[in-house]
Structure formats: C-alpha cells, structure tokens
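Overview (structure and organization)
Here are the chains, one letter per residue:
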Amino acid sequence: MTYRTNLRIAFFGTPHFAVYVLEEMKQAGLMPSVIVTAAEKPAGRGLLPRPSPVKIWGKREGIQVCEPAKLEATDTEAAVLFQQTYDLFVVAGYGKILPHALLSHAKHGVVNVHPSLLPKYRGPSPIESQILDDAREVGVSVILLDEETDHGPVIAQKSFTPGLWPIMRSELEDLLWKEGGRLLAASIPPYMEGALAPVPQNHTLATFTKKLEKEDGLLDLSENAYTNYLKYCAYERWPGTFFFSEQNGKKIRIKITKAEYGGGQFKILRVIPEGKKETDYGDFARNLT
C-alpha cells in the first residue's frame, strides 16, 4: 500500500475500537502524521502504567504519539498540534472535548466518527441506548465537529440491521466502529476535495443519552423479561447487571455473568454472589431454600 503523503492528519483516540478506525484509514492510504491519545494509566495487580491500544498501534506503525494532559498550547505534549499545520483532525473515541483553538486549527476542520444515526443518540452512551431502546436498525455517522456535543453537520451516514438481535454491547460496539472506520475512510477524500458537503442535522429530532452509573445495572426480576435481557446485553462489562437477594437474613448483591432469553423468559445462567466465587445460578438458587 502506498500511503498518501500529501495530507497531514492528526488522529485523536484512545480505546481498542479506535484502532478499527485507524486500520481502515491505513488501508485507504490515510495514515495520520501524529496520534493524540490519553496518558498511560496504572492497571493490573501491579498497577503499572499501561499504554492505550491506540498508542500501541501508533508505535507499531512508527507514528509520533503524544499524550497531552491538557489540549493547550502551553502543554509540551500538545505543542505539536498548535505549532504545525494540518489538513484534517480525526476524532474517534478520544474521550476529551477539543477546545475552539483546535476545532478551527486544521484546514478542513475536525471530523468525528459517532456510533449512531445522528441526531439520534447524542452523548456518552449511544451504543447501550440503542440496545435498551430495542432499536434494531442501528448505524454510524461521520460528522464535522463543532462546539456542541454531537451537533455538527453530517458528512456521511450508514444504517444497518445486525443479523442477530438483541446483541451484546461488545458485539455491537465492534460492528459499529468497524463500519464507522470504513465509512470515514471512504468519506475523507471526497470531503477534502469538496465533492461531499456536510449537511446540518435536524436538531428538532435530536435525542440524548446519559452517562451510565453503576446503579443503572440493578434489575427487578419481577419486571418484563425482555426488558431485563436488553439491560443485560446493553450493560455488558460495565456497569453489568445485578439484583439483590436475602441470604441468612442479610441482603446481598448478586452479579449476573451469563444469561439468555427464550420462550418469553429471562434465564439467568451464571452469577457471582457478593463475597463469593462465580457459580451456576441453579446451584445458587437451591442454596437459598
């Protein structure tokens, strides 16, 4: 593959799914000149600093990686952004808001991959919210960032219906970000050439998602079984789903680690009772009687 070396692109991203976007850019010959990612954080039992998946990818590809504490000209790491010229900034799961000084710095602005069909599902939890709403038809958007959250004009969109539904959050995340990466890579050249004009969103149709909290995963097992299964799918990994049970006169928290839906029933298969190891739900339930 011969990369297009006439474009200077800065990529902002951090988690593993942002790597999907980078891979698609690479395949399209749109390698970034610099990668901006979150600083290393302590992780694991030894609490040793662990680089982000995007940093690992960038180092492997021989791309300059910076980890600014603040996106300001006075930050040593961020200086590479302010002191050089760029054709385009690309944001995919970076996790920080770009200041006005950067939004207006690149010649063609800042494009962002968002895992929903904007203006629906703006905000921090679009993937989980699409599952909770039983959306079935999902999609991705490539937009031009402005100073409001997920508010900028749309450069490109793609909708699709997963073959299996409901779908676990991690699976939908992979699907959406891979599709988002492909859509971005296909959209950048015509956008930069002026052949693809951004279209303003219809803001009257906007819906907003919230930041997830740990207690969102609490289930009432007497509620609708399908709704509970949607929550189980949407809250995979974090915050997870759980319920409370009485044991020896004490209320304990039970984390659900495996469940399924069938015959109109939400079937719990594996759990981790508070303070104990993972076990079959059947064995746990028998011990309560």
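Residues numbered from 1 in each chain as written. Predicted model: local features only at pLDDT ≥ 70, side-chain atom pairs only at ≥ 80, totals over all residues. Heavy atoms only, no water.

1. Some points on the layout of surface pockets
Over the atoms rolls a probe the size of a water molecule, and in doing so it shows where empty space is left. For clarity, the threshold we go by: For each structure, a 1 Å grid was placed over the protein atoms alone; sets of points admitting a 1.4 Å probe that cannot get out are labelled cavities, open sets with protein on both sides within 12 Å along at least five of seven lines are labelled pockets, and lining residues have an atom within 4 Å of a point. Grid points are joined across faces, edges and corners, and a volume is the space filled by probe spheres set on the points. By the criteria applied, helices consist of DSSP H or I runs no shorter than four residues and strands consist of E runs no shorter than two, each listed in order from the N terminus. Each residue receives one of three labels: charged for Asp, Glu, Lys and Arg, nonpolar for Ala, Val, Leu, Ile, Met, Phe, Trp, Tyr, Cys and Pro, and polar for the others, Gly being one of them.
One number sums up the size of the largest pocket: a volume of about 1,400 Å³. What lines the largest pocket is a set of 40 residues, and nearest its centre among them are Phe-17, Gly-93, Tyr-94, Gly-95 and Pro-124. For the lining of the largest pocket, the secondary-structure elements that each account for two or more residues are helix H1 (16–27), helix H4 (100–103), strand S7 (110–114), helix H5 (126–132) and helix H6 (169–192). For the lining of the largest pocket, the per-class residue count stands at 18 nonpolar, 10 polar and 12 charged.

2. Re the nonpolar core
As a reminder of what qualifies: Buried Ala, Val, Leu, Ile, Met, Phe, Trp, Tyr and Cys residues form a nonpolar core when they are joined through side-chain atoms within 4.5 Å. Exposure classes here rest on a 1.4 Å probe applied to the protein chains alone. A residue is buried below 20% of its type maximum, exposed above 50%, and partly exposed in between. By the convention used here, residues are in contact when the closest approach between their heavy atoms is within 4.5 Å.
Residues Phe-11, Val-90, Val-111, Leu-184 and Phe-266 are the most contacted members of the largest nonpolar core, which totals 60 residues. With eight residues, H6 is the largest single contributor of residues to this core. When sequence neighbours within four positions are dropped, the list of residues in contact with Phe-11 reads Ala-18, Val-21, Leu-22, Met-25, Pro-32, Val-34, Ile-35, Val-36, Val-54, Val-90 and Ala-92. With 21 residues, the next largest nonpolar core counts Val-91, Tyr-94, Ala-106 and Val-110 among its residues.

3. Digging into the sheet that holds strand S10 (residues 241–247)
Definition in use: One requirement defines pairing of two strands: DSSP has to find at least two bridges between them. Under this scheme, a helix contributes an axis fitted over its contacting stretch, all axes are lines through C-alpha atoms, and angles between N-to-C directions fall in the 0 to 180 degree range.
Strand order in this open sheet of four strands is S10-S11-S12-S13, and the pairing throughout is antiparallel. Since the sheet does not close on itself, it has two edges, and those belong to S10 and strand S13 (279–280), each with one partner. As paired strands, S10 and strand S11 (residues 250–262) are joined by seven bridges and run antiparallel to one another. From the neighbouring strand, Phe-243 faces S11, where its bridge partner is Ile-254. On the sheet, helix H7 (residues 225–234) packs against S10, S11 and strand S12 (265–273) and is oriented at approximately 95 degrees with respect to S11.

4. Overview of the sheet that holds strand S8 (residues 138–144)
Strand pairing in a sheet relies on backbone hydrogen bonds, with the paired strands running either antiparallel or parallel. The seven strands are arranged S5-S2-S1-S6-S7-S8-S9 in an open sheet whose pairing can be described as mixed. Here the strands that pair on one side only, and so sit at the sheet edges, are strand S5 (64–66) and strand S9 (154–160). Each strand axis lies, on average, 15 degrees off the axis of its neighbour in the sheet, ignoring direction. Across three bridges, strand S6 (residues 88–92) lies against S7 in parallel orientation.

5. Section: the pattern of salt bridges
The condition that has to hold: Within this document, salt bridges are pairs made up of a side-chain nitrogen of Lys or Arg and a carboxyl oxygen of Asp or Glu, the two lying within 4 Å of each other.
Using the criterion set out here, one finds 14 salt bridges in the structure. Here Glu-215 and Arg-253 are joined by a salt bridge, their closest N and O atoms 3.9 Å apart. With Glu-215 in the loop between H6 and H7 and Arg-253 in strand S11, this residue pair connects regions lying 38 residues apart in the sequence. Residue class for Arg-253 comes out partly exposed when judged on its relative accessible area of 23%. Each member of the salt-bridge network shares a partner with another, and the members are Glu-24, Lys-158, Glu-179 and Arg-182.

6. Here's the deal with the pairing of strand S1 (residues 9–13)
Extensive coverage of S1 is indicated by the burial of five of its five residues. Of the two faces of S1, the one lined by Ile-9, Phe-11 and Gly-13 and the one lined by Ala-10 and Phe-12 are each fully buried. Relative to S6, S1 runs parallel, the two sharing five bridges. Bridging across to S6, Ile-9 finds its partner in Leu-88.

7. Focus: the packing of H1 against helix H2 (residues 53–60)
What counts is decided by this rule: What sets the label is the angle itself: under 35 degrees gives roughly parallel, over 145 gives roughly antiparallel, 65 to 115 gives roughly perpendicular, and the rest give oblique.
Packing of H1 against H2 brings their axes to within 8 Å, and their N-to-C directions diverge by 30 degrees. Classed by the angle they form, the pair H1 and H2 counts as roughly parallel. Where H1 abuts H2, its residues His-16, Ala-18, Val-19, Leu-22, Glu-23 and Lys-26 lie against Pro-53, Val-54, Trp-57 and Arg-60. Classifying every residue of the contact of H1 with H2 gives six nonpolar, one polar and three charged.

8. A word on the environment of Thr-74
For Thr-74, the position within the fold is in the loop between S5 and helix H3 (79–82). For Thr-74, a relative accessible area of 71% puts it in the exposed group. Distance in space between the C-alpha atoms of Thr-74 and Val-113 is 28 Å, their sequence separation being 39 residues.

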